[in-house]
Amino acid sequence: MTEIYQKLLNLVNKNRISNNIYVRHAYSRNVDILLQGIPDIVIRPTSVEEISEILKVANEENVAIIPRGGGDCEFGGSKPINNGGIVLDLKAMDRIINLDQDNLLVTVEAGISWAKLNEYLCHFGLYTGCMGPGSGMTASIGGGISHHSVGGGGCAKYGACTNQLVSLEVVLPTGDIIETGSSSNKFTKNPFNRFGNGPDLMGLFCGDNGIYGIKTKITLKVFPKPEYATYKTFQLPRKEREVSANIMMQVRQKGIDVYDLMYIMDLLVRVTTQEKFMPLWEHLKKKRGVIFYTIEANSEQQLEQEVKKLDNIMKNNNCEDLGPEISDGNIAKWHYTEQGHWQFYHNLWGIFPTMQPLSAECFAPINKYPMILDDIDQWDQEHNADIQKIFEITKTRPIVGSGPVVLIDGNNVEITCGFTSFWKYFDGKLHDIIEETNYKLWSSILERVTKHGVQWYMMGDYMSRLMVDIGAYSNEYYQLMKSIKKVVDPNMILSRGKFNFWGDNRSE
Ligand SMILES: Cc1cc2nc3c(=O)[nH]c(=O)nc-3n(C[C@H](O)[C@H](O)[C@H](O)COP(=O)(O)OP(=O)(O)OC[C@H]3O[C@@H](n4cnc5c(N)ncnc54)[C@H](O)[C@@H]3O)c2cc1C
C-alpha cells in the first residue's frame, strides 16, 4: 500500500490524501450500525483529470475504489465492503459551474449538496423541483443520482431526482472520461437534453449505486419556484393506512398537481411526540396518524381552486384539519417553512441517540402499501423471540415499523421501514448476540419486503447482494448487468463486491 500511496501522492495535493487510522475509520461506515469496512487510503480529488489518473493507478495496482459523496447511504454503499481499498471522497468537488437562466439548466460538480445548490438557486427564484433525499443537507447530487433519490420534498410533483437529469460527465472505471445526453455530440457546446444521439447510455449510471462510473459533472433542469403555496395537515380516522392510500389515489385520479403528500403513521406520531421531537402534536387527543399536503400555484385564484379540491378529498375521507398555524400542529408548514425540507429527516434518524435505524427504503404502488405495512407488523410479531434477545441486554425493545410514506410522481410511493436497534457495544461490553440478531432480523425484513415486489432504489452493498442472494433478479437480467460491468470495468475496480458480481469470495 505504501507504494500506491506514493503514486497517488503525485496526483493530488498532499492535504487531500490520508492513510491515517482516524481518517480511515471516519470513512469506514455509513448510517447503519452493522456494516463496517476500513479503507487503506482516503483521497479527495478536486478535478475530473485527477479522478481519471487515480482510476488508472487503481487498475495498474488492482485496488478497489469506492466513490463517496455525503456518505449518507443506508446500506453501506459508500464504504468498502470488506476492509481495504481507496475511498474516493467527492465532497471537495462542489462548485456550481453554470446557471443557464435562459434554458433553466444548472451544471454542478457531483459533490455539491442539495442544500447548497438550492440555497444558491433561491436567489434567482429557482429550485431543483425534487429537492433530493431527506438527507439533502449533507447528501450530494452525485449520490442522489446514483440512488434515484427522492424524499426531500417536491417528489409528488417532480418525481425522483433522476427525472430532472439532463447530462452527466462520467469517469469510467478504466479512467476514460465520457459525456452523455446531448453532449455525446462533441460539437455540442452546452448540454440541453437527455435523450437522443442513440440509446440513453446515461440511464446506466442512474441508480447504479456507483458501479459503472464516477459522476463528476451533472446538469439538471431547474424550475421557477411558484409564488403561492399552501401547507395543511390532517389527522386521519381509523384504518389510517387504507384511508391515506385512498386519499393519494384520489388526488392522482383527479389530476391535482400536489407538490408533496405525506402519510405519517400513528407509531411515528406517538414516538416523535413522546421524544419531544414533534411537540407540535402534544395536544392531539388521539395519537393517530396524520397526512399532510403542500401545493404550489402561480396565482392566488389557482391556489384556492386546488386547495378546495384537496380539502374536499380530505373531508370526504373523514380527516380532521389540524389548523393553519404551526402551533396548531401543522407539520406541513413547519416542514417547508421553518425546517427547510431536510431537517425533519436528519432529526428523525437520530431520534434515539443510542439507537440506529436498520432501514429499508423502497418504491411500491400506492394501492399496495397498506398491505405491506400490515405485513411488517406481522413480521414484528413473528420475530418477537429474536427481538427479545436484544431487549434482555438493553432493556429497550428495538422499534419495528414504518416511517413516512411519500407520494412520488405517477402511481408510486416511497416507503421507509425497518427497525431501530442497538450497536453491539452496549453498557461497556461487546455483545456479539446483538450483532448476530441485528443481521438476522435486517436480512429477514428486507427479504420479506422484497417479496412484496417492491423496487429498491438505494441498494448499497447490503441490499445489492441480498437481491442476488435471494434470487430476486432473473438470471438473464443479472447476466446482462454483469456483462456490462465486465465491459466498463474489466478489473472490477469500482465498488468491488456490490451485486456479488464476483461472488462473496471474489474468486471468479
Ligand atoms: C437522515 C437521512 C435521511 C435520508 N432520506 C432519504 C430519502 O428521503 N430518500 C432517499 O432516497 N434516500 C434517503 N437517505 C439515504 C441517502 O442519504 C440518499 O440516498 C442520498 O442520496 C445519498 O447521497 P450521498 O451523497 O450521501 O451518497 P453516498 O452515501 O456517499 O453514496 C451513495 C452511493 O452512490 C455512490 N456515489 C456517490 N457519489 C458518487 C459519484 N459522484 N459517482 C458515482 N457514484 C457515487 C456511492 O458509492 C454509493 O454507492 C437518507 C439518509 C439519511 C441519513
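Reading the values: rules and limits
- In this convention, every chain numbers its residues from 1, walking through the sequence in written order.
- Whole-chain, interface and lining totals are the exception, using all residues; otherwise, since this is a predicted model, local features are given only for residues with pLDDT of at least 70 and side-chain atom pairs are given and counted only at 80 or more.
- Only hydrogens and water are removed before side-chain values are computed, so all heavy atoms of the structure are retained for them.
- Relative accessible area decides the class of each residue, using a 1.4 Å probe on protein chains only: under 20% of the type maximum gives buried, over 50% gives exposed, and in between gives partly exposed.
- Runs of H or I in DSSP of at least four residues are treated as helices and runs of E of at least two as strands, each being numbered from the N terminus.
- The directions from the helix axis to the C-beta atoms form the arc being described.
- Only heavy atoms enter the contact rule, under which two residues are in contact if any of them lie within 4.5 Å.
- We define proximity as follows: a residue is near a molecule or strand when any one of its heavy atoms falls within 4 Å of that partner.
- Pairs of N or O atoms are called polar contacts if they sit within 3.5 Å, as long as, within protein, a hydrogen donor faces a hydrogen acceptor (for residues adjacent in sequence, only side-chain-to-side-chain pairs).
- A 1.4 Å probe and the Shrake-Rupley method give the accessible areas. Residues count as covered only by the protein chains that appear here.
- A pair of aromatic rings is counted whenever rings of Phe, Tyr or Trp (Trp by its six-membered ring) have centres within 6.5 Å, and the orientation is called stacked for planes under 30 degrees apart, edge-to-face for over 60 and tilted otherwise.
- By this rule, a helix spans an expected 1.5 Å times one less than how many residues it contains.
- Per-residue confidence from the predictor is given as pLDDT, running between 0 and 100.
- When DSSP finds two or more bridges between a pair of strands, those strands are recorded as paired.
- Definition used for salt bridges: Asp or Glu carboxyl oxygen within 4 Å of a side-chain nitrogen of Lys or Arg.
- A domain assignment, automatic or from a database, supplies the domain bounds used here.
- Accessible-area loss on putting two parts together, using a 1.4 Å probe and summing over both, is the definition of buried area adopted here.

**Here we look at helix 1 (residues 2–9)**
For step 1, the next point in the chain: By the burial criterion, the buried members of helix 1 are I4, Y5 and L8. Down the axis of helix 1, the buried side of the element spans an arc of 100°, and every buried residue falls inside it. Structural note: helix 1 exposes T2 and E3 on the side pointing more than 90 degrees away from its buried face.
For step 2, the next point in the chain: Where helix 1 is buried, its residues contact strand 1 (17–18), strand 2 (41–43), helix 3 (48–61) and strand 4 (86–89).

**As for the site of the ligand**
For step 1, the next point in the chain: Lining the immediate environment of the ligand, one finds 39 residues, of which P67, G69, S135, H147 and V150 sit closest.
For step 2, the next point in the chain: Within the side chain of S146, a nitrogen or oxygen atom sits 3.3 Å from a nitrogen atom of the ligand.
For step 3, the next point in the chain: Note that a nitrogen atom of the ligand is positioned 2.9 Å from one of the backbone N or O atoms of K215.
For step 4, the next point in the chain: For the ligand, whose free accessible area comes to 960 Å², the fraction covered by protein is 99%.
For step 5, the next point in the chain: For the shell around the ligand, the secondary structure elements donating two or more residues are strand 3 (65–68), helix 5 (141–147), strand 10 (214–221) and helix 11 (343–349).
For step 6, the next point in the chain: Broken down by element, the shell around the ligand gets its largest block of residues, five residues, from helix 5.

**Considerations on the packing of aromatic side chains**
For step 1, the next point in the chain: This structure, assessed with the given rule, holds 24 aromatic pairs.
For step 2, the next point in the chain: Plain terms: the ring middles of Y259 and Y336 are 6.0 Å apart, the flat faces sit at 75° to each other, and that makes the pair edge-to-face. Taken together, the residues span a long stretch of sequence, with Y259 in the loop between helix 7 (240–253) and strand 13 (260–264) and Y336 in helix 10 (residues 331–338) at a distance of 77 residues.
For step 3, the next point in the chain: By relative accessible area, which is 2% here, Y259 ends up buried.
For step 4, the next point in the chain: Residue classification places Y336 among the buried positions, given a relative accessible area of 10%.
For step 5, the next point in the chain: Aromatic side chains W442 and Y462 sit 4.6 Å apart centroid to centroid with 20° between the ring planes, which places their arrangement in the stacked category. Residue W442 is found in helix 14 (residues 432–450), and its partner Y462 is found in helix 15 (residues 460–469); the two are separated by 20 residues along the sequence.

**Digging into the environment of K254**
For step 1, the next point in the chain: Here K254 shows up in the loop between helix 7 and strand 13.
For step 2, the next point in the chain: What makes K254 exposed here is its relative accessible area of 54%.
For step 3, the next point in the chain: Between the C-alpha atom of K254 and that of S28, which follows or precedes it by 226 residues, the distance is 48 Å.

**Topic: helix 3**
For step 1, the next point in the chain: Taking 1.5 Å of rise per residue, the 14 residues of helix 3 would be expected to cover 20 Å, and the 20 Å separating its terminal C-alpha atoms lies within 8% of that figure.
For step 2, the next point in the chain: Considered for burial, the residues of helix 3 that qualify are V48, E50, I51, S52, I54, L55, V57, A58 and N59.
For step 3, the next point in the chain: Just downstream of helix 3 lies N62, where phi reads positive at about 55°.

**Some details on the confidence of the model for the protein chain**
As a general rule, the predicted coordinates of low-pLDDT regions are not to be interpreted in detail.
For step 1, the next point in the chain: Here the protein chain shows a mean pLDDT of 94. Residues at 70 or above account for 99%.
For step 2, the next point in the chain: Note on residues 504–508: pLDDT is under 50 here. Beyond four places in sequence and across chains, it has eight contacts.

**Here we look at the pairing of strand 5 (residues 96–100)**
In the case of a regular strand, side chains alternate between the two sheet surfaces.
For step 1, the next point in the chain: As paired strands, strand 5 and strand 6 (residues 105–109) are joined by four bridges and run antiparallel to one another. Opposite N98, over in strand 6, you have T107 as the bridge partner.

**Overview of the pattern of salt bridges**
For step 1, the next point in the chain: According to the stated counting rule, one finds 29 salt bridges in the structure shown.
For step 2, the next point in the chain: Ionic pairing is found between E382 and R448, a salt bridge with its closest N-O pair at 2.9 Å. Remark: R448 occurs in helix 14 and E382 occurs in helix 12 (residues 369–382); sequence separation between them is 66 residues.
For step 3, the next point in the chain: On the basis of relative accessibility, which here comes to 44%, the residue E382 falls in the partly exposed class.
For step 4, the next point in the chain: Of the residues examined, R448 reaches a relative accessible area of 22% and is grouped as partly exposed.
For step 5, the next point in the chain: The closest approach of N and O atoms between D386 and K389, which form a salt bridge, is 2.9 Å. Of the two residues, D386 and K389 both sit in helix 13 (residues 384–394), three residues apart, roughly one turn of that helix.
For step 6, the next point in the chain: Judged by its relative accessible area of 10%, D386 is buried.
For step 7, the next point in the chain: Each of the salt bridges in this network shares a partner with another, and the network as a whole consists of K7, E60 and E61.

**As for the domain arrangement of the protein chain**
For step 1, the next point in the chain: When the domains of the protein chain are assigned, the result is domain 1 (2–89), domain 2 (96–224), domain 3 (228–345), domain 4 (352–461) and domain 5 (462–500).
For step 2, the next point in the chain: Once you take the C-alpha centre of each, domain 2 and domain 3 turn out to be 30 Å apart.
For step 3, the next point in the chain: Facing 18 residues of domain 2, the contacting portion of domain 3 comprises 12 residues.
For step 4, the next point in the chain: Between domain 2 and domain 3, a total of about 1100 Å² is buried, with carbon and sulfur atoms accounting for 53% of that surface.
For step 5, the next point in the chain: Run the count over domain 2 and domain 3 and you get one salt bridge.
For step 6, the next point in the chain: Residues K157 and E296 are paired through a salt bridge, measuring 2.9 Å at the closest nitrogen-oxygen approach.
For step 7, the next point in the chain: Taken together, domain 2 and domain 3 are joined by 11 residue pairs in polar contact (both at pLDDT 80 or more).

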